[in-house]
Amino acid sequence: VRVRPAQTGKSQTSAVGPGGYLLLAFHTGDEPRHISHAYGHDVDLDAFRLNPDRITEMLENAGLTAHSQLVRMPDESEKTPQAFLLARKHQSRVS
């Protein structure tokens, strides 16, 4: 799923039930990247790199708690580091 950084949050977490987990994987960085050629084809695509700390903050604002964060360096076929975040949605409280 491709989303703009400002769209990350409640709309991506609405399908996660109380106590459920969400795993996100994304390219890290702060600048968008325009792609004009990929996989042997001409394309017109803006790719958004995301800051893991900012995404964690957005998830927490949407009612999730970050449990794990991993950022790895790019392998030989990649240009940017990759981030992986595991978060859990807060349990509903029953009165």
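Everything that follows concerns the structure shown earlier in this document.
Residues numbered from 1 in each chain as written. Predicted model: local features only at pLDDT ≥ 70, side-chain atom pairs only at ≥ 80, totals over all residues. Heavy atoms only, no water.

> Can you break down the overall build of the protein residue by residue, with the values?
Scanning the protein for helices and strands turns up 2 helices and 5 strands. Starting at the N terminus and walking to the C terminus, you meet the elements of the protein as α-β-β-β-α-β-β. Within the protein, contacts between residues separated by at least 24 positions form 56% of all contacts whose residues are at least 6 apart in sequence. If you sum the accessible surface of the protein, you get close to 6900 Å²; carbon and sulfur atoms cover 51% of it. (Helix = DSSP H or I, 4+ residues; strand = E, 2+ residues; numbered from the N terminus. Contact = heavy atoms within 4.5 Å. Areas by Shrake-Rupley, 256 points an atom, 1.4 Å probe, with all protein chains shown as cover.)

> Which residues make up the pattern of salt bridges, and what values go with them?
Per the stated rule, a full pass over the model turns up 2 salt bridges. Residues Arg 72 and Glu 78 are paired through a salt bridge, measuring 2.9 Å at the closest nitrogen-oxygen approach. With a relative accessible area of 28%, Arg 72 lands in the partly exposed category. (Salt bridge = Lys/Arg side-chain N within 4 Å of Asp/Glu carboxyl O. Buried < 20%, exposed > 50% of the residue type's maximum accessible area, 1.4 Å probe, protein only.)

> Tell me what's going on with unusual backbone geometry, and back it up with residues and numbers.
If a residue is not glycine, its phi is most likely negative; likewise, a peptide bond is most likely trans. Positive phi outside glycine occurs at Tyr 39, with the angle close to 55 degrees. Inspection of the secondary structure puts Tyr 39 in the loop between β2 (32-38) and β3 (41-48). According to the relative accessible area criterion, Tyr 39 is exposed, its value standing at 84%.

> Would you mind going over the sheet that holds strand β5 (residues 82-89) in detail, with residue names and values included?
The antiparallel open sheet is built from 3 strands, whose spatial order is β1-β5-β4. In this open sheet, the two edge strands, each paired with only one partner strand, are β1 (21-27) and β4 (64-72). When strand polarity is set aside, the average angle formed by the axes of neighbouring strands in this sheet is 15 degrees. Here β4 pairs with β5 via 8 bridges, running antiparallel. (Pairing = 2+ DSSP bridges. Axes fitted to C-alpha atoms, helices over the stretch in contact; angles between N-to-C directions.)

> Explain helix α2 (residues 52-61) to me, and be specific about the residues and the numbers.
Taken as a whole, α2 has its buried residues at Pro 52, Ile 55, Thr 56, Met 58 and Leu 59. Down the axis of α2, the smallest arc covering the buried residues is 165 degrees, so these residues share one side. Counted as exposed and oriented over 90 degrees from the buried face of α2: Asp 53 and Asn 61. Measuring from the side-chain oxygen of the N-cap residue of α2 to the backbone nitrogen of Asp 53 gives 2.8 Å; that N-cap residue is Asn 51. Directly after α2, the chain includes Gly 63, whose backbone phi takes a positive value near 95 degrees. (Arc of directions from axis to C-beta. Polar contact = N/O pair within 3.5 Å; in protein donor to acceptor, adjacent residues only side chain to side chain.)

> Give a description of the nonpolar core that names residues and reports values.
One finds Val 16, Leu 22, Phe 26, Leu 50, Ile 55, Met 58, Leu 59, Ala 62, Leu 64, Ala 83, Leu 85 and Ala 87 forming the largest nonpolar core, which totals 12 residues. Broken down by secondary-structure element, the contributors of at least two residues to this core are β1, α2 and β5. (Core = buried A, V, L, I, M, F, W, Y, C linked by side-chain atoms within 4.5 Å.)

> Which residues make up the environment of His 37, and what are the values?
Within the fold, His 37 resides in strand β2. Within polar-contact distance, the side chain of His 37 engages the backbone oxygen of His 41 at 3.2 Å. Of note is the side chain of His 37, whose polar atom sits 3.0 Å from the side chain of Asp 42.

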